[in-house]
Structure formats: structure tokens, C-alpha cells
Amino acid sequence: MSRAMRELILGRVRPGAAVTFFCLPKRNVTKEKGTPFAGPHYGGFPALLAKPGGCATRAIRCAATRSDSARRLPPARLRYSAARRGPNYVAVFTMHTNPYLPHVARIVERRQDAPTIFTLRLAFEDAAMQRQYRFQPGQFNMLYLYGVGEVAISIVSDPEEETMFDHTIRVVGRVTEGLAKLAPGDRVGIRGPYGRGWPLAAAVGKNVLIVTGGLGCAPVVSVIRYVMRRRADYGKLTIIQGVKHSADLIYRLQYEDWARAPDTTVLIAANASAGPWPWHVGPVTELITQAHVAPDSSVAMMCGPEGMMIAAAKILLQHGLGEDRIYFSTERNMHCALGHCGHCQFGGKFVCRNGPVFDYSEIKELLGIRGF
Amino acid sequence: MQAPAQFLARSALQSMIDALAARGYRVIGPQVRDGAIVYADLAQVNDLPQGWRDAQEPSSYRLTHSDNVRCFAWANGPQAIKPHLFAAQEPLWRAIQTDDGFRVEAVEPDVRPLAFIGVRACDLSALALQDRVFLGGPFVDPYYAARGTEMLLIAVHCSHAAATCFCASTGDGPRAGAGFDLALSELEEGFVLEVGSAAGRGIAALLPLTVASAQQIQAAQTQVEAAAQSQTRTLPSRNLRDLLFANLDHPRWDDVAARCLSCGNCTLVCPTCFCHAESEVTALNGKETLHQREWDSCFSAGHGYIHGFQVRPETKHRYRQWLTHKLGSWHEQFGRSGCVGCGRCIAWCPVGIDLTEEAHAITGETGHDE
């Protein structure tokens, strides 16, 4: 180990301090045996952090140093970069790579979409963070409302938009009720993005079938907008929306707009209707037959009540669509979004990590079973 | 290369505590408190549970005392070492109001290195599982990681199993196999000592050790085997995932739900359960708010709640979630069963529901591997 490196390590260790990152060759670490690094050891590797306050993790066993560039890297990247250097390199994670911390973002714009639905356009206070922020449609953020708590909300804006990102939120609970009262200029906390989004790369060149039920389903709105902006990359776009009652349909103008787009079909069903209703009356699943799904060249993406999605999936399977071509956006209670807190488990899946988007084959075993 | 086993006289046990303390460790060891054995700060050998035995049965945990000189002649208490790494309640960060919004600061945990004396084999297995949960995924939990810093583990192989123990059938005990720095076998006259790591060797070097005799090594071996043989409960060590998920409609779920109080005791004493809930504690003046987490349970009403919908409304759903996760989907998530055979969920269940009995009834497995 070079003198400079050692000084770096010695220099930054202070009681109570948390240590940042690093990947070092293990052989360099072992050379440190017998040096003035007093204090406890673990598992054959000297603890380079001499005093209480050091933070190299037991499980990962490595040296630690400070690196500003490393601090900005997500942990998975750090581990990956350590692994890439060779089998003798490992990464250390500490308080400076704390995935629990939200980052402050400013509300740039607020739009009321429906009586209980609104959209927040957000930008991180830290301009560099905003520039580096990347996500995929279908992924979500944890939104934090000061003094109240966090809530998982999917991201609806286009991933290529770099100056801000959007969340469309329905008022359903304590946090969302409070978020609804915020105005442009107010701050929220953001952690994310989390989870696995829609298979938009795999769907290139294919027909895209969107099936959604209930009140405006933000996760699929992100797909529709994504495909609209890249119309040439995809085949036919079919949007099927079901509502219980015709009065429940929001975004009516939006649907009419989409219906006018090239090679796009919009089909809407209401179980019951009142007043002028140009669309289908009956269950939304009846529309799937009308959609003329081409099994070999279609991908279905769905969001909404699970009963509706299951019924729709069964019809799509009858039409010959493969199980790995039918995607669900799922929702479960979520606290940490990191795969630690256990709330979002769906059988062996963590919705926050393995989902929220799953293909049918991955989750069919437990779909529709009460209690999962 | 296997180093020859060494021996630490009973009268010299204090030297181990002193050596750890001198090395800067916060020493944690078993003690009797409120009628149970708990892991707490340990300064004196006299504080160890000398002469105490535990008698455990479904819904029953009692300590009895005798003149026996042994300090570790018991199976376990209500908690493994889990609370010392994954705290039952801890602050994660605070948000502080500013002129134009708020800023967020991490609350850094106390990271004084911990040394545990008297860790059980099942607890070491549980620790390895919790490591996978909090350190093994794409996100590393820095709070858990910080407490595990430079931790030193001194195991004591079990010489006495409780009636609720079944670690022999899960393969996790009663002998501690791996993951310790030092391991002790307690005999009347003292301790046979094995070194498990360089850190352990460093501590051993500070102790007045002699070479263990062949009889001592044999006695240590015999008593741990006896502890294994005395276990009557079993759990199949094979992967029960498919069997459990093939039996989601088994009538036994209704049967157990009629007995289960959905109190969550089993999950809170379980050394591998990791569920926790996050919440906010706001200062009265509103200037500052603390974001904290505390253990949660899949038996609580809040665990499966999403806006306007309860995923697990009935006790049956909750018990089924716990058992299919612990013995089933844990395999998918972490590569092994989530049960280490400590039996705590049996003893601390107020109505004495026995996980091994339920697992056998539902899977139809006898528990004896071929």
C-alpha cells in the first residue's frame, strides 16, 4: 500500500466518523498487518479503522478511504466496479452511501388533473443530482412529505426529460392528502428510482396493448406517452380503459387526443353508463377481443385492480399471447423500497426490487389468492 | 491446519472479558433479567447466569436455579443477538426546517465495536441470514452494517437443548459450525476453546490457556452430541417451498387461525425476522422531525395495508404469510429456509402454537430426512 493511500486512510479516521467507500486489493490490505493500526481485527483482515467510529463492514471486509467520486455512485455500481477489478477487490458501504436518505426536490409546477388527482413536476435542489438522475417508465420514487412520511409513487414523465420529473398522485391517504396541499416552490424529499420498469426496449417493433382499469392509472400513462413520442419504434398502439361507471372516466380529452394519433386505437368500457357515452358498455375484458391481438407480435402492459388484470390476462392467454408477453404493474404496502422492510413481499418476490412490473409467468402462482 | 484445542480454566474466564474490554470492545453477554436470559452489557463473570437452566415448552419459559457451576447450561432466551445489530427501534434520519424548505441529516448509530460472549449456534446462523437481508442485496443498510463493524463473536456450543429446540434437524446446531471468532465448550472445570478467525486468535493470545486434554475434548464432543440427541422436535431440512405453496387451501390454515391470536410474538422473538416499519416523530414546535424505524410483524393489521385495501384481512392469511415465507419463499429470496431451529416462536407463543407441528400437518412431511 502506498504511503499516500495509508495517509489518506489514517487521516480520515476519527472517532464517531463514518467512512466512505472503497475498493482496495486485498493483498494490499493484508500487508498492513503489524503496522500501527491497533484495535480489533476481523476474519483475517486487519481492521484499518483503528478507533471506534470506523465503519468498514464486517461482511465485506475491506479497507476504507474517502472518495468524492465514489460517494456519488449508487452502491450496486460500487460493488460492480469492485468486482470488475478482480476477485481480490471488494467494496465497503457506509453512512455516506445511505440509501435511506431522501434528497430535497422543489415543486416546479403543480397541475390538478381531476378532483382527487394532481401532478407534481419536480426538480432536485442539487443541480448535479438532477442532471445525473435517470429512470425507466414504470419505476417509482419514494416521495417524502416533511413531518408526515414517505409514499411510493410511479414516475410518469419521459425519461429523456432531464430538467425535471413528474408524479401523478391520487389523494388516498395521509401523505398524499398533504402532498395535494403543496404549491410550486414547496419542497418534498425524493429517494429513487426503484424497481423494474416496463419492458419498453424488448417491445420495440411490436404492437403495444395497454389495459387499465379504474381511475387514471399513472404507471401505464408513462408507457403511452413514451410510445407516442417514439411512434416509429413501435407497432400498433391499443389503449383499453375500463371504468365502473361512465362518470368515473377522467382524462376524457386525453383519450380523445390519443385516439387521433397515428396507428392508435382507444377502446373504453364502462360497466354502467349515463348520458351520452360513445364507448362500450360492459366489462372491459369484452374489449380485448375487439382489439385483434396478434399473439406473435404484441406485448400487453396492464395496470389497475388485480381482478381486472387477471381477467384480462386470461383472455389474452386464450388469444395466444405468451405468458412472458403479459405484464402487470403491481402494488403492495411499501416502507423502505430497498428490499429490507418486508412489507411489499408477494410470495418470494419483493415488489420494490423484483417489480413493480412483473410478467404473468413470474407471479401467476399467487395471482388472485387472497392473503398475498 | 487445525490448531490443537486449548483450555481456559473457569477461574480465568474473567480474563476473557477483561481482554475484550481492554481491546476497546463493548462486551455483551447473557444474564438473567426479569425471569429470562437476555444479552446485555457484561463486566463481571459473576453476572453470567451461573447455575441457571431454562425449561421451555409451548407457551412456557421458566428459569430454575441450582448449585451447578456452569454458566451456559441453558438453551436460549427470548432474543438472539439480533436487537444489538438490527435495533428494535432506531432513528434513521432527521429533517430540519429551513427558510425555504428542509434539509435531511442521517442519524449515525453508535458504532463502538461489539463483542458477544455466549452466542448460540442457531443465533450465528440467524446472523448470517440477517447479513444477507441487510448487506447482501443491491442496497446496503448502513445502520446494520455500522453495528456489525469489527464485531467479535464468541460462541458457546450448546450442552443443553430445551424441549422447544430443533436446530439439529435444521442443521444449524447445537454445535456452532462457522461464523465465530472463538468457540467454547463449557465443562465443569472450564472451557475447551477453538479459534475460528485471526481476530479470535488475537484474543486467545491474551488468555492464560493450557492445552486441552483428550478427555476434555471428548467430554465436549459428547455433551454437544447429547444435546442434539435430546431434541424431540424436528423440521424437515429440505426445501418446503413447493409443498407449502401447493397447500395454500389446506384446512390446517383455518385450524391454526382459530388458535392464533395474531399477536406477532413469534415474529418478534424470531432471530431472522426482518420486517420493520418506518414512521415520523415530529417535534412539538414542528421545526424538526425524526424518521425512525421499528420492528413490524406480518401479523399486524398495518403490514398488509395499502390505501383502501387490506392484503391480509384474516388471521389465517397472516399465519400463512409467516409460515410460507419463513419455510418457503425464504429459499427464493436468500437461498435457504428462514428457520434456524431455535424454537423461540414455540415457547413465546401465548397459545403454544408449534411451528414444527403446523409445518408437518400442512406439508405432510415426517421431518425425518431419508
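Residues numbered from 1 in each chain as written. Chains lettered and ligands numbered in written order. Predicted model: local features only at pLDDT ≥ 70, side-chain atom pairs only at ≥ 80, totals over all residues. Heavy atoms only, no water.

K.L.:
Give me the overall build of chain A: which residues, what numbers.
P.N.:
Summing up its helical and strand segments, chain A has twelve helices and 17 strands in all. Within chain A, the proportion of its 372 residues that are buried is 56%. Restricting to contacts in chain A with at least 6 residues of sequence separation, those with at least 24 account for 68%. (Helix = DSSP H or I, 4+ residues; strand = E, 2+ residues; numbered from the N terminus. Buried < 20%, exposed > 50% of the residue type's maximum accessible area, 1.4 Å probe, protein only. Contact = heavy atoms within 4.5 Å.)

K.L.:
Before we move on, can you summarise the overall build of chain B with the specific residues and values?
P.N.:
Looking only at helices and strands, chain B features 13 helices and 16 strands. Within chain B, the fraction of its 370 residues that count as buried is 61%. Summarising the internal contacts of chain B: among those between residues at least 6 apart in sequence, 72% fall at separations of at least 24. Carbon and sulfur atoms provide 51% of the accessible area of chain B, an area that totals close to 13900 Å². (Areas by Shrake-Rupley, 256 points an atom, 1.4 Å probe, with all protein chains shown as cover.)

K.L.:
Give me the side chain of T363 of chain B: which residues, what numbers.
P.N.:
Residue and element names in this part refer to chain B. Mapped onto the fold, T363 is located in helix α13 (residues 355–363). Polar side-chain contacts of T363 include one of 2.6 Å to the backbone oxygen of A359. Leave out the neighbours within four places in its chain, and T363 touches L240, L243 and L244. (Polar contact = N/O pair within 3.5 Å; in protein donor to acceptor, adjacent residues only side chain to side chain.)

K.L.:
So what's going on with the environment of I268 of chain A? Which residues, and what values?
P.N.:
All names here are of chain A. Topologically, I268 is positioned in strand β11 (residues 264–272). Its relative accessible area of 1% is what places I268 among the buried residues. Residues I268 and P278, ten residues apart in the sequence, show an inter-C-alpha distance of 8.9 Å. If we ignore the near neighbours within four places in the chain, the residues touching I268 are Q241, L249, Y255, W277, W279, H280 and L287.

K.L.:
Any chance you could break down the pattern of salt bridges for me, citing the residues and the numbers?
P.N.:
Residues and elements named next belong to chain B. All chains considered together, the criterion is met by 37 salt bridges over all chains. Residues R344 and D123 are paired through a salt bridge, measuring 3.3 Å at the closest nitrogen-oxygen approach. Pair noted here: R344 is in helix α12 (residues 344–347) and D123 is in helix α3 (residues 121–135), with a separation of 221 residues, a long-range link. Considered together, R344 and D123 belong to a single accessibility category, that of buried residues. Close ionic contact of D354 with R233 constitutes a salt bridge, the shortest N to O distance being 2.5 Å. With D354 in the loop between α12 and α13 and R233 in the loop between α7 (214–229) and α8 (241–245), this residue pair connects regions lying 121 residues apart in the sequence. (Salt bridge = Lys/Arg side-chain N within 4 Å of Asp/Glu carboxyl O.)

K.L.:
Residue-level account of the sheet that holds strand β5 (residues 140–145) of chain A, with values.
P.N.:
All names here are of chain A. One open sheet accounts for six strands, arranged β6-β5-β8-β3-β4-β7; its pairing is antiparallel. Of all the strands in the sheet, just β6 (149–154) and β7 (165–170) have a single pairing partner and so form its edges. Between one strand axis and the next, the sheet turns through 40° on average, direction left out of account. Taken together, the six bridges between strand β4 (residues 117–124) and β7 define a ladder with antiparallel strand orientation. When the sheet's bridge partners are listed, L122 is paired in β7 with F165. (Pairing = 2+ DSSP bridges. Axes fitted to C-alpha atoms, helices over the stretch in contact; angles between N-to-C directions.)

K.L.:
Describe in detail α3 of chain B, supporting the description with residues and values.
P.N.:
Every α-helical turn comprises 3.6 residues, leaving residues that sit three or four positions apart pointing alike. Between its terminal C-alpha atoms α3 of chain B stretches 21 Å, which fits the 21 Å expected from 15 residues at 1.5 Å a residue. For α3 of chain B, the buried fraction is high: 13 of the 15 residues fall into the buried class. (Expected span 1.5 Å × (residues − 1).)

K.L.:
Just give me the short version of the interface of chain B and chain A, but keep the residues and values in it.
P.N.:
Tallying the contact residues gives 82 residues for chain B and 68 residues for chain A. For the pair chain B and chain A, the summed buried area comes to about 5900 Å², and 59% of that belongs to carbon and sulfur atoms. Taken together, the links from chain B to chain A amount to three salt bridges. As a salt-bridge pair, R241 of chain B and E365 of chain A come within 2.7 Å of each other at their nearest N and O atoms. At the boundary of chain B with chain A, the tally comes to 25 residue pairs in polar contact (both at pLDDT 80 or more). (Buried area = accessible area lost by both parts, 1.4 Å probe.)

K.L.:
Which residues make up the packing of aromatic side chains, and what values do they have?
P.N.:
On inspection of all chains with the given rule, the structure shows 28 aromatic pairs over all chains. Plain terms: the ring middles of F86 of chain B and F134 of chain B are 4.8 Å apart, the flat faces sit at 50° to each other, and that makes the pair tilted. Placement of the pair is F86 of chain B in the loop between α2 (82–85) and β6 (89–98) and F134 of chain B in helix α3, with a sequence separation of 48 residues. We note that F86 of chain B, like F134 of chain B, is buried. In this structure, R353 of chain A packs its charged tip against the face of F350 of chain A, placed 5.2 Å from the ring centre. The side chain of R241 of chain B reaches across the aromatic face of F245 of chain B, ending 4.5 Å from its centre. (Phe/Tyr/Trp six-rings, centres within 6.5 Å; stacked < 30°, edge-to-face > 60°. Lys NZ or Arg CZ within 6 Å of the ring centre and 35° of its normal.)

K.L.:
For the state of the cysteines, give the residues involved together with the corresponding values.
P.N.:
According to the stated counting rule, one finds one disulfide over all chains in the structure shown. At a sulfur-sulfur separation of 2.1 Å, the disulfide partner of C217 of chain A is C303 of chain A. The chirality of the disulfide connecting C217 of chain A with C303 of chain A is left-handed, given an S-S dihedral of about -45°. Here C217 of chain A, found in the loop between β9 (207–213) and α7 (218–229), pairs with C303 of chain A, found in strand β13 (residues 298–303); they are 86 residues apart in sequence, far enough to count as distant. Judged by its relative accessible area of 10%, C217 of chain A is buried. C303 of chain A gets classed as buried once you look at its relative accessible area, which sits at 5%. Among the cysteines around C270 of chain B, which has no disulfide bond, C273 of chain B carries the closest sulfur, lying 3.9 Å off. Of all cysteine sulfurs, the one in C298 of chain B lies closest to C275 of chain B, which takes part in no disulfide; the gap is 5.9 Å. A relative accessible area of 12% means that C275 of chain B is categorised as buried. (Disulfide = S-S within 2.5 Å.)

K.L.:
Describe in detail the pairing of strand β9 (residues 152–156) of chain B, supporting the description with residues and values.
P.N.:
All names here are of chain B. Burial runs high along β9: five of the five residues are buried. Two elements, strand β8 (residues 114–119) and β9, share four bridges in a ladder whose sense is parallel. By the bridge assignment, V119 is partnered in β9 with A155. Where β9 and strand β10 (residues 182–186) come together, three bridges link them in parallel fashion. Looking at the pairing, I154 lines up with L182 of β10.

K.L.:
Describe the packing of helix α11 (residues 315–334) of chain B against α13 of chain B, with residues and values.
P.N.:
All names here are of chain B. Relative to each other, α11 and α13 sit at 90°, their axes nearing to 12 Å. Viewed along their axes, α11 and α13 adopt a mutual orientation that is roughly perpendicular. Touching Y319, W322, L323 and L327 of α11 are L355, E358, A359 and I362, all from α13. Residues of the contact of α11 with α13, tallied by class, amount to seven nonpolar, no polar and one charged. (Parallel < 35°, antiparallel > 145°, perpendicular 65-115°, else oblique. Nonpolar A, V, L, I, M, F, W, Y, C, P; charged D, E, K, R; others polar.)

K.L.:
Which residues make up the side chain of H317 of chain B, and what values go with them?
P.N.:
One can find H317 of chain B in helix α11. We classify H317 of chain B as buried; its relative accessible area is 5%. Once you skip the residues sitting within four places of it in the chain, H317 of chain B turns out to touch R370 and G371 of chain A together with R312 of chain B.

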